[in-house]
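These are the residues of each chain, in order.
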Amino acid sequence: MDKVLSIIKDNKLTYNQKVLNLAQAAEDSLSVFNITEETKEYIEARIICDLNEGNAPYKARYILPDYEKFMKNGSKFLELEPPKDIWEATNNLLILYKHVPSVTSFPVYAGNLDTLLEPFITDEEEAYRAIKLFLLHMDRTLRSSYCHANLGPASTKAGRLILKAERELQCSTPSITLKYNNETPDDYAIDAINTALITAKPSFANHSMFVHDFGEDYGIASCYNGLNIGGGSYTLVRLNLYFLAQRSKGIEDFLNNVLPEGVVRTSSLMDEKIRFLVEESGFFDTSFLVEEGLISRNRFTGMFGMFGLAECVNHLLLPKTPEERFGHGEEANKLGLKIIEKLQEEVGRHYNKYCETTGGNFILHAQVGIDSDTGISPGCRIPIGEEPELQEHIIQSAVFHKFFPSGISDVFSFDSTVKQNTEYILDIIKGAFNENMRYFPFYSTDCDVVRITGYLVKRSEMEKLDQGKAVLVDNVVLGLGAVKNQKVLDRKVR
Amino acid sequence: MAKGLVNRIIPFSSVDGPGNRAAIFLQGCNFNCLYCHNPETINLCRNCFICVKECPYGALSVEEGIVLWNNNLCKKCDICLKCCPYHSSPKVVAMETEEVVTIVKRISGFISGVTVSGGECMLQSEFLISLFEKMKDMNLTTFIDTNGSIPFQDNQKLISVMDMAMIDVKSFDSEEHKKLTGMDHSIVLKNVEFLGNIGKLYEIRTVIVPDILDNYSNVDSISRLIAKINPSIRYKLIKYRPLGVRKELMESCIPSDAMMNELAGLSKANGCNNVVIT
Ligand code: SF4
Ligand code: SF4
Ligand code: SF4
């Protein structure tokens, strides 16, 4: 009960944040999973971590509703007719957003906003007003920058208006991804880059690569997670490769025994979460989203997360010089790759009958870390402060991207002078995608909105929080923790 | 195959022409500008071996009377550059065209093209031609960054493989130009007209140096010249920055934003429609 009282008395939380935290505390007082003592021990040792997902899941973690269908049909449950103009379209979406469950209680996916709104753009000036209000409304009510909208790959009037509005608003919510491929016109891509250099979004997604993994009906949700539209992910559980490596007697033991066992234990927790959610919670039997065909159970999968590859490799190899460390030394990079190949193989061995959309397997996700991770790098990233030159950095890290359909990325910080030569960044993105890099987020050193690890936060809001004031967006809390513990604002500037 | 004396290669550069470019700096210059930021690119090494003794990391050695630099041992402390009495560098490498091509190939998917700079790269035009021919095979654009002192007009072969040039016009006054660089500016201006007229002039730059140069008059005349040739040629006004400059030759200060804006305004009023300050 101490926990409950401390939430109630926490001056840094707004009313809504308190309600959410109290609900989480209630859920966490239960224990419904049937897992082994060994798995429990890994959870306690923070080798396995479910990122506060809750101990009795009653909603899928990442939900990507089929907003196209919603626009076409309206909703019986919400008593909404299909929209006829830009005002109704944006209003309908805002209503639905408030009914899409998630861990943060805010939707992690807001749809392909450009194609959703394009049919309603007749008078551009009026559409711009509607879009700007729509985005402002999202920022002030959805309060979580894990909420993610998509654009592209084609250029649209709506897409350009959204970019323009974002340049003016400079809000942290929603995150935006531009699905990019060789059909995206250069001038649209440059428009997007100019926007990102002002407000750290959109990020660029390698559309061809995602289509190869999911087909055309995929969305980017939350930080950078590729998932099925009309489905999503039941759960995300992550494996701390650094802590796991500390349980091994060396490289061979790690690869042959410890890592496979870690995968088994992580998978068993995921199995239990999915079993409870699907079979007991009633989520898929009662949600109007299912009833109206906006999501269906068989388009969901489970995300197997990992992080701390850099520290894992450095722990196993004990490099003597900076040149031998992960991200620099050939041996270290090779071992990193070998570990991820092995991880993929082991995860591929595990079958879960509710993940039929991904062949009965969980899919890999390079997790970005949380505010309390100190000294452990996100996913497969090279530690901040050790980044090699940009070209080496991209070539080295792109190697890992094909293993992670449900998301992986680095974050690149550019000096504000590149605003005079935005083709520079477009060239780099094209090159990176040629190397099979999956996702490319970036910002400029003088943005107020910055990308922390996967999500966006305003520097000005973090300063407010640091002075003990309550702030509107939940991510600010995480962001400030990450700035202090992971030095994310000290990224190498290009 | 030609060889080039390479001072260094920057694989990704955002400031050497349009898009992302590999910037290749060649050693040796026929000017000796008072404000040169990279004086170590001016002269060729005389193999006096003073730097060999000074290198704290054993990255320099002598082999057959020539100084040899070991990239793997080098910690980039630049002590060798500071102690060289001849404004040279022991880290210059004579590279075959093919060696440079190999480096560029690795990153060719990331760049729009290459820019060769210096020192004064036109002193090694044979190397430029052989390198640019290879770059064209890779569909990369080829830019030259030059002090303009060597005539382009006579070098048809180079012009046919070069996309664009960027020329420094450091002063419009012959005497001042001589005082600043050691040479007259008549060829520079001829090159500007010639390249401008055949549509191969990407940019003109002028470094603004308070108290030392007649900046106002220079910018006034140069911007008129640009406007006459083609108003959309980019005119870049560069703030003098003392970093790396030989202080014993010249003392100046960084020009104010107000001054830069005034000069940019003047250039625009004279008809230039692509003026940037950096
Ligand atoms: S920069 Fe020069 S002095 Fe310094 S380590 Fe390298 S070669 Fe030696
Ligand atoms: S670089 Fe300078 S100091 Fe070193 S050997 Fe050459 S001339 Fe002498
Ligand atoms: S032309 Fe350039 S490299 Fe040559 S001396 Fe002048 S500033 Fe230095």
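Residues numbered from 1 in each chain as written. Chains lettered and ligands numbered in written order. Predicted model: local features only at pLDDT ≥ 70, side-chain atom pairs only at ≥ 80, totals over all residues. Heavy atoms only, no water.

Here's the deal with the state of the cysteines
Residues and elements named next belong to chain A.
Part 1 of the argument: Scanning the entire structure with this criterion turns up 0 disulfides over all chains.
Part 2 of the argument: Note on cysteine 49: no disulfide assigned, nearest cysteine sulfur contributed by cysteine 223 at a separation of 14 Å.
Part 3 of the argument: Given the relative accessible area of 16%, cysteine 49 is considered buried. (Disulfide = S-S within 2.5 Å. Buried < 20%, exposed > 50% of the residue type's maximum accessible area, 1.4 Å probe, protein only.)

Focus on the interface of chain B and chain A
Part 1 of the argument: Taken residue by residue, the interface counts 16 residues in chain B and 17 residues in chain A.
Part 2 of the argument: Across the chain B-chain A interface, the total number found is 1 salt bridge.
Part 3 of the argument: Mapped onto the side of chain B that touches chain A, the elements with two or more residues apiece are strand S1 (3-13), helix H3 (97-107) and strand S11 (275-277) of chain B. (Contact = heavy atoms within 4.5 Å. Salt bridge = Lys/Arg side-chain N within 4 Å of Asp/Glu carboxyl O. Helix = DSSP H or I, 4+ residues; strand = E, 2+ residues; numbered from the N terminus.)

Points about the sheet that holds strand S4 (residues 148-151) of chain A
All names here are of chain A.
Part 1 of the argument: Pairing in this open sheet of 5 strands is mixed, and the strands run S3-S4-S5-S6-S13 from one edge to the other. The open sheet has two edge strands, strand S3 (109-112) and strand S13 (439-440), and neither has a second partner.
Part 2 of the argument: Relative to S4, S3 runs parallel, the two sharing 3 bridges. The partner of tyrosine 109 across the bridge, within S4, is histidine 148. (Pairing = 2+ DSSP bridges.)

Details of the packing of aromatic side chains
All names here are of chain A.
Part 1 of the argument: Within this structure, the stated rule accounts for 21 aromatic pairs over all chains.
Part 2 of the argument: Judged by centre distance (6.2 Å) and plane angle (40°), the ring pair of tyrosine 97 and phenylalanine 134 falls under tilted. Residue tyrosine 97 is located in helix H5 (residues 86-97), and its partner phenylalanine 134 is located in helix H7 (residues 124-142); the two are separated by 37 residues in the primary sequence.
Part 3 of the argument: The buried category is assigned to tyrosine 97, whose relative accessible area is 1%.
Part 4 of the argument: One aromatic cluster is present, built from ring pairs that chain together Tyr180, Phe204, Phe412, Phe414, Tyr424, Phe433, Phe440 and Phe442.
Part 5 of the argument: Here the guanidinium or amino end of lysine 59 rests over the ring plane of tyrosine 58, the centre of that ring lying 4.2 Å away. (Phe/Tyr/Trp six-rings, centres within 6.5 Å; stacked < 30°, edge-to-face > 60°. Lys NZ or Arg CZ within 6 Å of the ring centre and 35° of its normal.)

Things to note about the sheet that holds strand S8 (residues 164-168) of chain B
Residues and elements named next belong to chain B.
Part 1 of the argument: Taken in spatial order, the 9 strands line up as S5-S1-S2-S6-S7-S8-S9-S10-S11 in an open sheet, and their pairing is mixed. Because the sheet does not close on itself, it has two edges, and the strands there are strand S5 (93-96) and S11. Going from strand to strand, the sheet's axes swing by 30° on average, the running direction of each strand aside.
Part 2 of the argument: Across 4 bridges, S1 lies against S5 in antiparallel orientation. Among the inter-strand pairings, leucine 5 is bridged to a residue of S5, identified as alanine 94. (Axes fitted to C-alpha atoms, helices over the stretch in contact; angles between N-to-C directions.)

Observations regarding H7 of chain A
Residues and elements named next belong to chain A.
Part 1 of the argument: With 19 residues, H7 should reach 27 Å at 1.5 Å per residue; the first-to-last C-alpha distance of 26 Å fits that figure.
Part 2 of the argument: Burial in H7 covers these residues: Ala127, Tyr128, Ala130, Ile131, Phe134, Leu135, Met138, Asp139 and Leu142.
Part 3 of the argument: In the core, the buried residues of H7 are packed alongside H5, S3, helix H6 (113-117) and helix H8 (157-169).
Part 4 of the argument: For H7, the capping residue at the N-terminal end is aspartate 123, with a side-chain oxygen 2.9 Å from the backbone nitrogen of glutamate 125.
Part 5 of the argument: One or two positions beyond H7, positive phi appears at arginine 143, with a value near 45°. (Expected span 1.5 Å × (residues − 1). Polar contact = N/O pair within 3.5 Å; in protein donor to acceptor, adjacent residues only side chain to side chain.)

As for the environment of lysine 134 of chain B
Residues and elements named next belong to chain B.
Part 1 of the argument: Summarising the element assignment, lysine 134 is placed in helix H4 (residues 125-137).
Part 2 of the argument: Sequence separation between lysine 134 and valine 101 is 33 residues, and the spatial gap between their C-alpha atoms is 7.2 Å.
Part 3 of the argument: Only 3.3 Å separates the side chain of lysine 134 from the side chain of glutamate 98, close enough to count as a polar contact.

Considering the pairing of strand S10 (residues 300-307) of chain A
Residues and elements named next belong to chain A.
Part 1 of the argument: Most of S10 is tucked away: 8 of the 8 residues are buried.
Part 2 of the argument: Where strand S9 (residues 231-240) lies against S10, 7 bridges are found, and the strand directions are parallel. Following the sheet pairing, valine 237 is matched in S10 by phenylalanine 304.
Part 3 of the argument: With 4 bridges connecting them, S10 and strand S11 (residues 363-366) associate as parallel partners. The residue bridging methionine 306 from the neighbouring strand is alanine 366, located in S11.

Re the site of ligand 2
Part 1 of the argument: Neighbouring ligand 2 are Cys45, Arg46, Asn47, Cys48, Phe49, Cys51, Cys84, Pro85, Tyr86, Ser89 and Pro90 of chain B.
Part 2 of the argument: Split by residue class, the shell around ligand 2 holds 8 nonpolar, 2 polar and 1 charged. (Near = heavy atom within 4 Å. Nonpolar A, V, L, I, M, F, W, Y, C, P; charged D, E, K, R; others polar.)

Examining the environment of asparagine 261 of chain B
Residue and element names in this part refer to chain B.
Part 1 of the argument: Residue position: asparagine 261 is located in helix H9 (residues 257-269).
Part 2 of the argument: Exposure remark for asparagine 261: the relative accessible area of 48% places this residue in the partly exposed category.
Part 3 of the argument: The sequence separation of asparagine 261 and isoleucine 277 amounts to 16 residues, and the corresponding C-alpha distance is 7.9 Å.

Thoughts on the side chain of serine 267 of chain B
Residue and element names in this part refer to chain B.
Part 1 of the argument: Along the chain, serine 267 falls in helix H9.
Part 2 of the argument: We classify serine 267 as buried; its relative accessible area is 0%.
Part 3 of the argument: There is a polar contact of 2.9 Å between the side chain of serine 267 and the backbone oxygen of leucine 263.
Part 4 of the argument: Setting aside residues no more than four positions away along its own chain, serine 267 makes contact with Val219, Ser223, Tyr235, Leu237, Cys272 and Val275.

Considerations on the domain arrangement of chain B
Part 1 of the argument: What the domain assignment lists for chain B is domain 1 (3-40 + 93-277) and domain 2 (45-83).
Part 2 of the argument: The straight-line distance from the C-alpha centre of domain 1 of chain B to that of domain 2 of chain B is 29 Å. (Domains from an automatic or database assignment.)

A short note on unusual backbone geometry
A negative phi holds for most residues other than glycine; trans holds for most peptide bonds.
Residues and elements named next belong to chain A.
Part 1 of the argument: Here the residue pair glycine 152 and proline 153 is connected by a cis peptide bond, since its omega of 0° sits within 30 degrees of zero.
Part 2 of the argument: For proline 153, the location among the structural elements is in the loop between S4 and H8.
Part 3 of the argument: Note the cis peptide between lysine 201 and proline 202, where omega equals 5°.
Part 4 of the argument: Along the polypeptide, proline 202 turns up in the loop between helix H9 (186-199) and strand S6 (203-206).

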